[in-house]
Amino acid sequence: MRRPSPPPSDPRVLIFERGAPGRVNAPQMPRPLAPPADIPSTLLRRAPLALPQVSELQVVRHYTRLSQRNFAIDTHFYPLGSCTMKYNPRAAHVAAQLPGFANRHPLAPESTGQGVLACLFELQEMLKDVTGMRAVSLTPMAGAQGEFAGVAMIRAYHAARNDLARDEILIPKAAHGTNPATAAMCGYRVREIDVRADGDIDLVALNAAIGPRTAGLMLTNPSTLGVFDRHIEDIAQRVHAAGGLLYYDGANLNAILGQVKPGDMGFDVVHLNLHKTFATPHGGGGPGAGPVGVGERLLPFLPVPMVGESGGRYYWITEKTRPQSIGRLSTFAGNVGVLLRAYVYARLVGREGMARIAHYAALNANYLLERLSRLGFEPAYPGRRAAHEFLLTLKGLKERTGVTALDVAKRLLDKGYHAPTIYFPLMVPECLLIEPTETESRDEIDGFVAAMAEILAEAETTPELLKAAPHTLPVRRVDEVRAARALDLVWKAHPASA
């Protein structure tokens, strides 16, 4: 198949590198006013502001070219493991921006917003159904905030029962980094649980950690190791027997969507990354959405507002009727525009389509794992079926050729592919965490396999080529240690052009 082309290689990445002295846009900006007399002279600028001197056309072309240099889902295969960088249908974006949605003020009365409230209520019900929870709140504004809400509810539950000795959250070593951060923010001591060589949680280590101080266990299933923990029901029983609760990190829900529900596994609370499973925008710092669902024990503690329904009328559920709620996580009701995209997507695919999402996520991951294994890449967990993503370890390749996971990742950019996640989870040496997602075709995946085959051959014959990659992009290999320790983001004009 035809390879995607790397982004254009024009080396100029700063707007200051374009234009010429005296070049301005038309019409010209008005002359600056004299500064107010009450501003101290020590605070006044002594030299003109160093702005680029460019025409409007140069500005437009410059930023358009910069956008074309990006590796993005719209332009390239993007197998970033743990993050589910899949294609988002444009229909969801268009529908969420309809005037009745986009122009509605959050303080408008319920009577004038029955349409948007109906959509949010139906989304609550759909998410409740796919997770097996008793109720769902849509208000968390990101996956990390959904995590915070989940653990905050666990804390509120134990506090309401005056069970105040529970000050530990158990977290597997393969967990997402936000899990221990969330537990610590909620005031808990984090206790790590070992993972066995086959990818499942070490039940012996779990038994040793569980006790009267256990508030709960945070778990992603399938895990970031790309495997489904086969002892999940046993794990849930042990945590519950000790008086703790089970929290489900829904980052990998697309692997089991329509196949099995977190509630059926024994989880008490779940957060969902709508930007991963339900096709809302991902990346760029947000906005996001991380709804939380709960089982019977945590119902009183759900964050507000939520949407209720009575006699065909929709209304906001607030603190007035939820006195034990952990409260509000945002000024209004979360990122409604993102929630509406998820709602439209769920309606587009339907119940049967949700099951297909998991089928194709698993099919693509296992197909790619098999193809790369046959090339000679080493799976980190041989013999285990990939859920929706998988780990390769390049430890042997590094020992043999000196080529690292970073080198392979950089060389993939030359081939026109965004790199997989590297060096995460930390427990796997020289790892590549690869997720093809359910939206990629076999042709696209085969192209990635061909690129990986070329890179493997280059590593064996010309490893120095990989260690200097990328070769075709405007920004080449940088000294990452120096960049971290001596970061300089200030542009200074060259004396000759000043």
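The rules behind each value
- Residues numbered from 1 in each chain as written.
- Predicted model: local features only at pLDDT ≥ 70, side-chain atom pairs only at ≥ 80, totals over all residues.
- Heavy atoms only, no water.
- Helix = DSSP H or I, 4+ residues; strand = E, 2+ residues; numbered from the N terminus.
- Rg over C-alpha atoms; globule rule 2.2 N^0.38 Å.
- Buried < 20%, exposed > 50% of the residue type's maximum accessible area, 1.4 Å probe, protein only.
- Contact = heavy atoms within 4.5 Å.
- Areas by Shrake-Rupley, 256 points an atom, 1.4 Å probe, with all protein chains shown as cover.
- Lys, Arg positive; Asp, Glu negative; His and termini not counted.
- Charge placed at Lys NZ, Arg CZ, Asp CG, Glu CD.
- Patch = residues over 30% accessible without salt bridge, like charges linked within 9 Å, V, L, I, M, F, W, Y side chains within 5 Å.
- Salt bridge = Lys/Arg side-chain N within 4 Å of Asp/Glu carboxyl O.
- Core = buried A, V, L, I, M, F, W, Y, C linked by side-chain atoms within 4.5 Å.
- Arc of directions from axis to C-beta.
- UniProt positions renumbered as here; feature names shortened; annotations may be inferred.
- Polar contact = N/O pair within 3.5 Å; in protein donor to acceptor, adjacent residues only side chain to side chain.
- Pairing = 2+ DSSP bridges.
- Domains from an automatic or database assignment.
- Buried area = accessible area lost by both parts, 1.4 Å probe.

To continue, consider the overall build of the chain. For the chain, the count of helices and strands is 16 helices and 13 strands. The globule rule puts the C-alpha radius of gyration for 498 residues at 23 Å, and the 26 Å found for the chain is close to it. Taking the principal axes of the C-alpha coordinates as reference, the chain spans close to 75 × 65 × 45 Å. In the chain, buried positions account for 48% of the 498 residues. At a minimum sequence separation of 6, the contacts of the chain that also span at least 24 residues come to 73%. For the chain, the exposed surface amounts to about 24100 Å²; the carbon and sulfur share of it is 56%. Computed over 54 positive and 48 negative side-chain charges, the inter-centroid distance for the chain is 5 Å.

On the surface, a nonpolar cluster with roughly 390 Å² of combined accessible area is contributed by Val-13, Leu-14, Val-475, Val-478 and Trp-491. Looking at the secondary structure, you find Leu-14 in the segment before α1 (56–69).

Another point: the nonpolar core. By size, the foremost hydrophobic cluster in this structure holds 56 residues, and its most contacted members are Leu-127, Leu-206, Leu-274 and Phe-278. Listed by contribution, the elements that provide at least two residues to this core are α2 (90–96), α4 (114–131), α7 (203–209), β4 (214–219), α8 (232–241), β5 (245–250), β6 (269–272) and α11 (336–375). Here the element with the most residues in this core is α11; it accounts for 10 residues. Aside from chain neighbours lying at most four places away, what touches Leu-127 is Val-136, Leu-138, Leu-272, Leu-274, Phe-278 and Pro-291.

For the rest of this paragraph, the subject is α8. Buried within α8 are the following residues: Ile-232, Ile-235, Ala-236 and Val-239. Within α8, the buried residues cover an arc of 100° as seen down the axis, which keeps them to one side. Exposed and facing more than 90 degrees away from the buried side of α8 are Glu-233 and Ala-241. Residues of α8 that are buried in the fold lie against α7, β4, β5 and α9 (262–265). In the segment just after α8, Gly-243 is the residue with positive phi, at about 90°.

Glancing now at the UniProt feature "modified residue: N6-(pyridoxal phosphate)lysine" (unreviewed entry) in the chain. UniProt records the feature "modified residue: N6-(pyridoxal phosphate)lysine" (unreviewed entry) at Lys-276, using the numbering of this structure. Mapping Lys-276 onto the fold places it in helix α10 (residues 274–277). If sequence neighbours within four positions are ignored, Lys-276 has contacts with Ser-82, Cys-83, Thr-84, Lys-86, Ala-251 and His-282. Among the polar contacts listed, one links the side chain of Lys-276 to the backbone oxygen of Ser-82, at a separation of 2.7 Å.

Another point: the pairing of strand β9 (residues 313–317). Both strand β8 (residues 306–310) and β9 contribute to a ladder of 5 bridges, which runs antiparallel. Paired with Ser-310 across the strands is Arg-313, a residue of β9. The turn linking β8 back onto β9 is made up of 2 residues, and Gly-311 within it adopts a positive phi angle of 60°.

Turning our eyes to something else, we now look at the sheet that holds strand β13 (residues 431–434). By way of backbone hydrogen bonds, the strands of a sheet pair with one another, either parallel or antiparallel. Strand order across the open sheet formed by 4 strands is β10-β11-β13-β12, with antiparallel pairing between neighbours. Bordering the open sheet on either side are β10 (378–379) and β12 (421–422), each of which pairs with just one other strand. Across 2 bridges, the pairing between β10 and strand β11 (residues 390–393) is antiparallel. Paired with Pro-379 across the two strands is Leu-392, which belongs to β11.

This next bit is on the domain arrangement of the chain. For the chain, the assigned domains read domain 1 (90–349) and domain 2 (353–482). Here the C-alpha centroids of domain 1 and domain 2 sit 31 Å apart. Counting each side, the surface lost to burial between domain 1 and domain 2 is near 2000 Å², with a carbon and sulfur contribution of 61%. Remark: the boundary between domain 1 and domain 2 carries 1 salt bridge. A salt bridge links Asp-200 to Arg-384, with the nearest nitrogen and oxygen atoms 3.2 Å apart. For the pair domain 1 and domain 2, the interface holds 10 residue pairs in polar contact (both at pLDDT 80 or more). At 3 residues, α11 tops the list of elements feeding residues into the side of domain 1 that touches domain 2.

Along the chain, Thr-84 falls in the loop between α1 and α2. Taking the relative accessible area as the measure of exposure, Thr-84 reaches 1% and is therefore buried. Of note is the side chain of Thr-84, whose polar atom sits 3.1 Å from the side chain of Glu-435. With residues near it in sequence (within four places) discarded, Thr-84 still touches Ala-251, Asn-254, His-275, Lys-276, His-282, Glu-435 and Thr-437.

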